[in-house]
Amino acid sequence: IRCQSTSTKEPKAKRNLLDNASNLLTNFLSGGSLGTMPVAEGAVSDLFGRPLFFSLYDWFLEHGSVYKLAFGPKAFVVVSDPIVVKHILRENAFSFDKGVLADILEPIMGKGLIPADLDTWKQRRRVIAPGFHALYLEAMVKVFTDCSGRTTEKFEKLLDGERSRGGDAIELDLEAEFSSLALDIIGLGIFNYDFGSITKESPVIQAVYGTLFEAEHRSTFYIPYWKIPLARWVVPRQRKFHYDLKIINDCLDGLIRNAKDSRQEVDVEKLQQRDYLNIKDASVLRFLVDMRGADVDDRQLRDDLMTMLIAGHETTAAVLTWAVFLLAQNPSKIRKAQAEVDSVLGQERPTFESIKKLEYIRLIVVESLRLYPQPPLLIRRALEEVVLPGGYKGDKDGYTIPAGTDIFISVYNLHRSPYFWDQPHDFVPERFQVQKESEGIEGWAGFDPSRSPGALYPNEIISDFAFLPFGGGPRKCVGDQFALMESTVALAMLFQKFDVELRGSPESVELVTGATIHTKNGLWCKLKRRSNGH
Ligand code: HEM
């Protein structure tokens, strides 16, 4: 099968199918060479009955921090140990690619950073990462506050309407509101396009949601039927997907043309001096076009923008959603957050400087990411044979995994591991103020803030890979600080003005997963103006 699948005479679609079949077979046959690794047998119902990451957690407690999960002929190695994860993500990052994930995302993101082949990734990462410079982030705070301001103004108008009818509270699906907020912010921050989705609907917005929906469907559907020739013409949802993709691509092409046409030497000078605060459009696209000249390939730029749009939108919306979900069950923590907001901001909007003082809000954001990591699983495929180190729990000797092995790194398991966190399922933002010692765990350095001096938010370096909300190693998220500051600003501005309660019980908020963890039917909340008159 391998020989046939790599033949250049085969049509591409057929080759892909053969590649998949070959991978399945390789995984199946390689099962034995994973030696003594514990095996969890998954029933197909585990794929559909409840989010997979819940079952992966139960099996982690039962089988240890490195185990093999077999679904019929399909096998994955599930890793929930910081020492092993550091080995995969940082120390041997280039012995792995994104495997199944790249297959799913390539039709949407092309050669964008997430699914890109290694050569393209190396070249584009070098170009894009400097676009998220600290001074760019400083300029972005105004985008975060402007968009969050639009959201709070919208809520105030709705409350005014309610007051005229004698009521004092409104009911809203905050997940949907955060989705609009995050879309507007990512549009302005990355390519200076105002979706305006907080206040209106548009075909481009619908197309973005349609594309996200399809990406999610593909990431949870077992058989990649969309690769079958003609599927894009015959299957209605595939036709719609290609229609949506065309709308977004046309929009992005227009923005790229515009950025290239309006390239000005004065802007280039300002960018070179990193004078972001005085540039009208400080977006990443502006940076990529102005600093890198007109020679950038438009198709590659479009893939880069699409990748950042998808990677930065739903993830941030999910963080805000779960932060509010957790806070709403802890009114005393809301009051503590509001006391901090009042003392740091009063009635003012946050600034780059005040974010540094909003320590409790920052810890709320990271604690929400600990309990609800987005995505809950990272996916890798070994490109060559790799010898994994022994982990903390049980698997002291480590395993040798053959080329082609598919891996799930369960960030969810790591973040709720009883071996590294006290009360792992409880929402305790304060836990990050008290760092845990390494307790002599071999190979794991424990929590130590001095390893990442000046970091505003706890990260994978401080925790030696026990906490990795943005991944780690060379393929770590490029937008981590952007997302963290954006979430801090949005939460501070929400609780500056409003009190929030869940409309129903916490149990009624059901979980579903695709690329991120989200609710089944929205996060329905009651919103009131702050009782102290703010
Ligand atoms: C990669 C999480 C926001 C752009 C990643 C990865 C994680 C992650 C875990 C690593 C994936 C892996 O190793 O397989 C998040 C979370 C976010 C967020 C939780 C929000 C709270 C953003 C934003 C942007 C962005 C705002 C862009 C503006 C990217 C890109 C990559 C990435 C381009 C791929 C990096 C590479 O492979 O070189 N993100 N992200 N993300 N993220 Fe984010």
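Residues numbered from 1 in each chain as written. Predicted model: local features only at pLDDT ≥ 70, side-chain atom pairs only at ≥ 80, totals over all residues. Heavy atoms only, no water.

S.K.: Just checking my understanding: could you explain unusual backbone geometry for this structure?
M.R.: Negative phi characterises most residues that are not glycine, and trans characterises most peptide bonds. Cis rather than trans, the peptide bond between Gln 374 and Pro 375 has omega equal to -5 degrees. In this fold, Pro 375 is placed in the loop between helix H18 (359–371) and strand E6 (377–382). Unusually for a residue other than glycine, Gln 423 sits at a positive phi of about 40 degrees. Structurally, Gln 423 is set in the loop between helix H19 (411–415) and helix H20 (480–497). (Helix = DSSP H or I, 4+ residues; strand = E, 2+ residues; numbered from the N terminus.)

S.K.: What is the right way to look at the packing of aromatic side chains in this model?
M.R.: To describe a pair of aromatic rings, one takes the distance between the centres and the angle between the planes. Evaluated as defined, the whole model comprises 26 aromatic pairs. Their ring planes at 80 degrees and their centres at 6.0 Å tell us that Tyr 57 and Tyr 412 sit as a pair that is edge-to-face. Of this pair, Tyr 57 sits in helix H4 (residues 52–63) while Tyr 412 sits in helix H19, and the two are 355 residues apart along the sequence. Exposure class is identical for Tyr 57 and Tyr 412. Each is buried. Taken together, a centroid distance of 5.5 Å and an interplanar angle of 85 degrees make the contact between Trp 444 and Phe 447 edge-to-face. Comparing Trp 444 with Phe 447 shows no difference in burial state: the two are buried. For the cation-ring pair, Lys 122 lies above Phe 94, with the distance from its terminal atom to the ring centre recorded as 5.2 Å. (Phe/Tyr/Trp six-rings, centres within 6.5 Å; stacked < 30°, edge-to-face > 60°. Buried < 20%, exposed > 50% of the residue type's maximum accessible area, 1.4 Å probe, protein only. Lys NZ or Arg CZ within 6 Å of the ring centre and 35° of its normal.)

S.K.: I'm lost on the coordination of the iron atom of the ligand in this one. Help?
M.R.: Each pair of donors in an ideal four-coordinate tetrahedral metal site encloses 109.5 degrees, whereas pairs in an ideal six-coordinate octahedral site enclose 90 or 180 degrees. Here the protein supplies the iron atom of the ligand with just one donor, Cys 477 (SG), and that contact is 2.3 Å long. For Cys 477, the location among the structural elements is in the loop between H19 and H20. (Donors = N, O, S within 2.8 Å, 3.2 Å for Na, K, Ca; no water.)

S.K.: Would you take a moment to explain the sheet that holds strand E4 (residues 96–97) for this structure?
M.R.: Two orientations exist for strands paired in a sheet by backbone hydrogen bonds: parallel and antiparallel. Within the open sheet, the six strands sit side by side as E1-E2-E3-E9-E6-E4. Their pairing is mixed. Bordering the open sheet on either side are strand E1 (39–41) and E4, each of which pairs with just one other strand. The pairing of E4 with E6 spans two bridges and is classified as antiparallel. Looking at the pairing, Phe 96 lines up with Ala 382 of E6. (Pairing = 2+ DSSP bridges.)

S.K.: What's the story with the site of the ligand in this structure? I'm lost.
M.R.: Close to the ligand lie 28 residues, the nearest being Trp 121, Arg 125, Gln 374, Arg 380 and Cys 477. Contact between the ligand and Lys 98: an oxygen atom at 3.3 Å from a side-chain N or O atom of the residue. Interatomic distance of 3.2 Å between a side-chain N/O atom of Arg 475 and an oxygen atom of the ligand. At the level of secondary structure, the elements contributing two or more residues to the shell around the ligand comprise helix H7 (118–128), helix H9 (174–191), helix H15 (298–328), E6 and H20. At five residues, H15 tops the list of elements feeding residues into the shell around the ligand. (Near = heavy atom within 4 Å. Polar contact = N/O pair within 3.5 Å; in protein donor to acceptor, adjacent residues only side chain to side chain.)

S.K.: Would you mind showing me how to read the nonpolar core here?
M.R.: Buried together is how nonpolar side chains tend to be arranged in soluble globular proteins. Formed by 139 residues in total, the largest nonpolar core has its most connected members in Leu 174 and Val 324. With 17 residues, H15 is the largest single contributor of residues to this core. Ranked by size, the runner-up nonpolar core spans 21 residues in total, among them Val 84, Val 85, Leu 378 and Leu 468. (Core = buried A, V, L, I, M, F, W, Y, C linked by side-chain atoms within 4.5 Å.)

S.K.: Teacher, can you tell me more about the packing of H9 against H15 here?
M.R.: To characterise two packed helices, one gives the angle between the axes of the helices and the distance between these axes. With their axes 8 Å apart at the nearest point, H9 and H15 run at an angle of 145 degrees to one another. Regarding H9 and H15, the two cross each other, and that crossing is right-handed. Residues Leu 174, Glu 175, Phe 178, Ser 179, Leu 181, Ala 182, Leu 183, Ile 186, Ile 190 and Phe 191 of H9 pack against Leu 305, Met 308, Leu 309, Gly 312, His 313, Thr 316, Ala 317, Leu 320, Thr 321 and Val 324 of H15. Taken together, the residues of the contact of H9 with H15 sort by class into 14 nonpolar, five polar and one charged. (Axes fitted to C-alpha atoms, helices over the stretch in contact; angles between N-to-C directions. Left-handed = near helix turned anticlockwise from the far one by under 90°. Contact = heavy atoms within 4.5 Å. Nonpolar A, V, L, I, M, F, W, Y, C, P; charged D, E, K, R; others polar.)

S.K.: Quick question: what am I supposed to make of the pattern of salt bridges here?
M.R.: Enumeration according to the criterion identifies 29 salt bridges in this entry. Residue Lys 246 is joined to Asp 250 by a salt bridge in which the shortest nitrogen-to-oxygen separation is 2.8 Å. Of the two residues, Lys 246 and Asp 250 are both situated in helix H12 (residues 236–261); the distance of four residues between them amounts to about one turn of the helix. By relative accessible area, Asp 250 is classed as partly exposed at 41%. Here Glu 367 and Arg 431 are joined by a salt bridge, their closest N and O atoms 3.1 Å apart. Here the residue Glu 367 occupies a position in helix H18, and Arg 431 occupies one in the loop between H19 and H20, the gap between them amounting to 64 residues. Comparing Glu 367 with Arg 431, the two get one shared label, buried. Each member of the salt-bridge network shares a partner with another, and the members are Lys 142, Asp 146, Glu 153 and Arg 349. (Salt bridge = Lys/Arg side-chain N within 4 Å of Asp/Glu carboxyl O.)

As far as function goes, none of this settles anything; it's purely spatial.
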